[in-house]
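Below are the chains, spelled out letter by letter.
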Amino acid sequence: MATATRALFMLFGATGDLAKRKLYPSIFNLYKKGYVDNDHFALIGTGRREWSDEKFRKVILDSVSANADSEEQAKAFASHFYYMSHDVTNPEHYDALSDYANKLDQQYDIEGNRIFYISMAPNFFGTVAKNLKAHNCLSDNGGFNRLIIEKPFGRDYDTAEELNNALAKSFNENQVYRIDHYLGKEMVQNIIALRFGNPLIEGIWNNKYIDNIQVTLAEKLGVEERAGYYDGSGALRDMVQNHTMQMLTILAMEDPISFKDVDIRREKIRALRSMHVYTEDEARQNFVRGQYGANGDQRDYRHEDNVPNDSITETYVAGKVLFENKRWKNVPFYIRTGKMLTDKFTRIDVVFKKPLVDIFAAAKGTESELNNNVLTLFVDPVNKIILRLNGKQAGQGMEMQPLDLTHTQSDEEKAATPEPYERLIHDAILGNATNFASWDEVSRAWEFADVIRHVWDTDKPDFPNYTPGSMGPDAADELLARDGRAWVFNSKK
């Protein structure tokens, strides 16, 4: 049974696209399922636009009606939403916000539980946090105060630290929830279940049995309307420092002593601390970048709208990550992400070592017939697990062939699976920080990425260097080939 929680939400950036596409439908689903107390919650949305409550509620209805059981249900939900025209840089506006929050707290008997969600540009995070505290927007009557913020959390270590210090003046670390929607994906969370719920898996989850691990986050589209933001960010900041690094820590972490956020975070941090931070020469050797060119009607990146024609922003990254601990010594973690690739998907390939002796080949005096066993976790667009083994071909003799053991999420399971934002907002309501990035994790990820970024800002790239519809530049294949390995998924195969 769902446990309903009383809460007052304050959403900064309430008129934005993310709020309409993701946040309102997610809160509505929690409302429908009983995770938000239907009688004891309210949301104050803020923005620069001069909207009325009625206009705001019309936006809410448009956002959630398709998922409502009835028009009455959607209207009842929207009636809990209130709007304030608000300039986040004007301290006086926070006085009015504080008064309104206190009024709604009493009206809905919310008991002082407040969630502040900043869905705005990161340069406003510190300003909002400072004024929330200075103007008594945080409750002090026994309820909780929790701050949810979107990425990007800084552009490098220094800006991230500056931002974190600004937040720390108003909120304790255990009150800050840095959202990364990849941590809300079903298969990413399933990694922990597969590893620590199955001795069969965890017993071979080490360098004795695993040869390498590959993480791929591929996008089929280009930058589209995000060009203005993307050209100032690039794939390293946009995808590697956050989403990719978070998945790596879950794959690499040691066993937590319990399934509690403090214990899981402790092991993720330990894994990141064991991650080898490259020198600049090592970064040049172990990371490659790319930028897509033209292909038919598809323009090259430098001729996309709002992109400078001399841009050296990377739209592709591939690299090798090493963890220097007993479990993972000499096991490379290969990562890659990019735009305009073969298709849109996220997958993790765990490549196991071959047997020391191939008895089938030895009997024939030939080279090995055995392939590496591979455990593939499909994160997007479907939730699927494939374990590729070696098996016998039907017929005379002992000819070997790949044998796939597959589990695909059923339609019933898919229907029961919450969207990432729904899951993560619910976790924040409960005060469960398991699937949010701590400052220690963010800072270590920036320390790693900053070396690569500095090298790339110094060296002039030869762009463009890959064709739309491929899996990136040849240098990404060569990165593995130097180690005698290859990507499990390769569009050239």
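Our subject is the structure that appears above.
A.B. asks: Any details on the sheet that holds strand β11 (residues 345-352)? Residues and values, ideally.
C.D. replies: Read across the sheet, eight strands follow the order β8-β9-β10-β7-β11-β12-β13-β14 without closing on themselves; strand pairing throughout is mixed. Of all the strands in the sheet, just β8 (287-290) and β14 (400-408) have a single pairing partner and so form its edges. For this sheet the average axis-to-axis angle between neighbouring strands, irrespective of direction, equals 15 degrees. Judged from the nine bridges that link them, strand β13 (residues 384-392) and β14 form a sheet pairing that is antiparallel. Its bridge partner lying in β14, R388 is registered against D404. Sheet contacts for helix α17 (residues 474-481): β7 (210-218), β8, β9 (316-321) and β10 (333-338); angle to β9, the most-contacted strand, approximately 10 degrees.

A.B. asks: Lay out the pairing of strand β1 (residues 5-12) with the relevant residues and their values.
C.D. replies: The element β1 is extensively covered by neighbouring structure, given that seven of its eight residues are classed as buried. Note: β1 against strand β2 (residues 36-47), seven bridges, orientation parallel. Among the inter-strand pairings, L8 is bridged to a residue of β2, identified as A42. As a crossover connection, the stretch from β1 through helix α1 (residues 17-33) into β2 is right-handed. Where β1 meets strand β4 (residues 114-118), five bridges bridge the pair, whose relative direction is parallel.

A.B. asks: Account for the pairing of β8, with residues named and values stated.
C.D. replies: What you see with β8 is no split at all: F287 and R289 on one side and V288 and G290 on the other are buried throughout. The sheet contact formed by β8 and β9 spans four bridges and is antiparallel. Paired with G290 across the strands is Y316, a residue of β9.

A.B. asks: Run through the pattern of salt bridges, naming residues and quoting values.
C.D. replies: In total, this model carries 33 salt bridges according to the counting rule given. The residue D17 makes a salt bridge to R21 at a minimum N-O spacing of 2.5 Å. Pair noted here: D17 and R21 are both in helix α1, with a separation of four residues, about one helical turn. In this structure D17 comes out as partly exposed when scored by relative accessible area, which is 48%. With relative accessibility at 48%, the residue R21 sits in the partly exposed group. A salt bridge links D62 to K58, with the shortest nitrogen-to-oxygen separation between them at 2.9 Å. One end of the pair, D62, and the other, K58, are both in helix α2 (residues 53-64), four residues apart, so they sit about a helical turn from each other. With relative accessibility at 53%, the residue D62 sits in the exposed group.

A.B. asks: Which residues make up the packing of helix α10 (residues 234-252) against helix α16 (residues 439-458), and what values do they have?
C.D. replies: In a pair of packed helices, the angle between the axes and the distance between the axes together describe the arrangement. Where α10 contacts α16, the axes come no closer than 10 Å and their chain directions differ by 140 degrees. The pairing of α10 with α16 is recorded here as oblique in orientation. For the pair α10 and α16, the sense of crossing is right-handed. Residues L236, R237, Q241, M245 and Q246 of α10 lie in contact with α16, whose contacting residues are E441, V442, A445, W446, F448, A449, I452, R453 and W456.

A.B. asks: Any details on a nonpolar patch on the surface? Residues and values, ideally.
C.D. replies: Taken together, the side chains of L356, V357 and I359 make up a nonpolar region of the molecular surface, amounting to roughly 390 Å² of accessible area. Residue classification places V357 among the exposed residues on the basis of a relative accessible area of 55%.

A.B. asks: Which residues make up helix α7 (residues 186-196), and what values go with them?
C.D. replies: For α7, the full list of buried residues reads M187, V188, I191, I192 and R195. Where α7 is buried, its residues meet α8 (199-202), α10, β11, β12 (374-380) and β13.

A.B. asks: Describe the nonpolar core, listing the residues and the values that go with them.
C.D. replies: Of all hydrophobic cores here, the largest spans 104 residues; its most connected members are L132, F333 and I348. Discounting residues that sit within four places of it in the chain, L132 has contacts with F12, Y94, L97, F116, C137, L138 and F171.

What counts, and at which threshold
Residues numbered from 1 in each chain as written. Predicted model: local features only at pLDDT ≥ 70, side-chain atom pairs only at ≥ 80, totals over all residues. Heavy atoms only, no water. Pairing = 2+ DSSP bridges. Helix = DSSP H or I, 4+ residues; strand = E, 2+ residues; numbered from the N terminus. Axes fitted to C-alpha atoms, helices over the stretch in contact; angles between N-to-C directions. Contact = heavy atoms within 4.5 Å. Buried < 20%, exposed > 50% of the residue type's maximum accessible area, 1.4 Å probe, protein only. Right-handed = clockwise from strand over helix to strand, strands pointing away. Salt bridge = Lys/Arg side-chain N within 4 Å of Asp/Glu carboxyl O. Parallel < 35°, antiparallel > 145°, perpendicular 65-115°, else oblique. Left-handed = near helix turned anticlockwise from the far one by under 90°. Patch = residues over 30% accessible without salt bridge, like charges linked within 9 Å, V, L, I, M, F, W, Y side chains within 5 Å. Areas by Shrake-Rupley, 256 points an atom, 1.4 Å probe, with all protein chains shown as cover. Core = buried A, V, L, I, M, F, W, Y, C linked by side-chain atoms within 4.5 Å.

In short, geometric facts, not functional conclusions.
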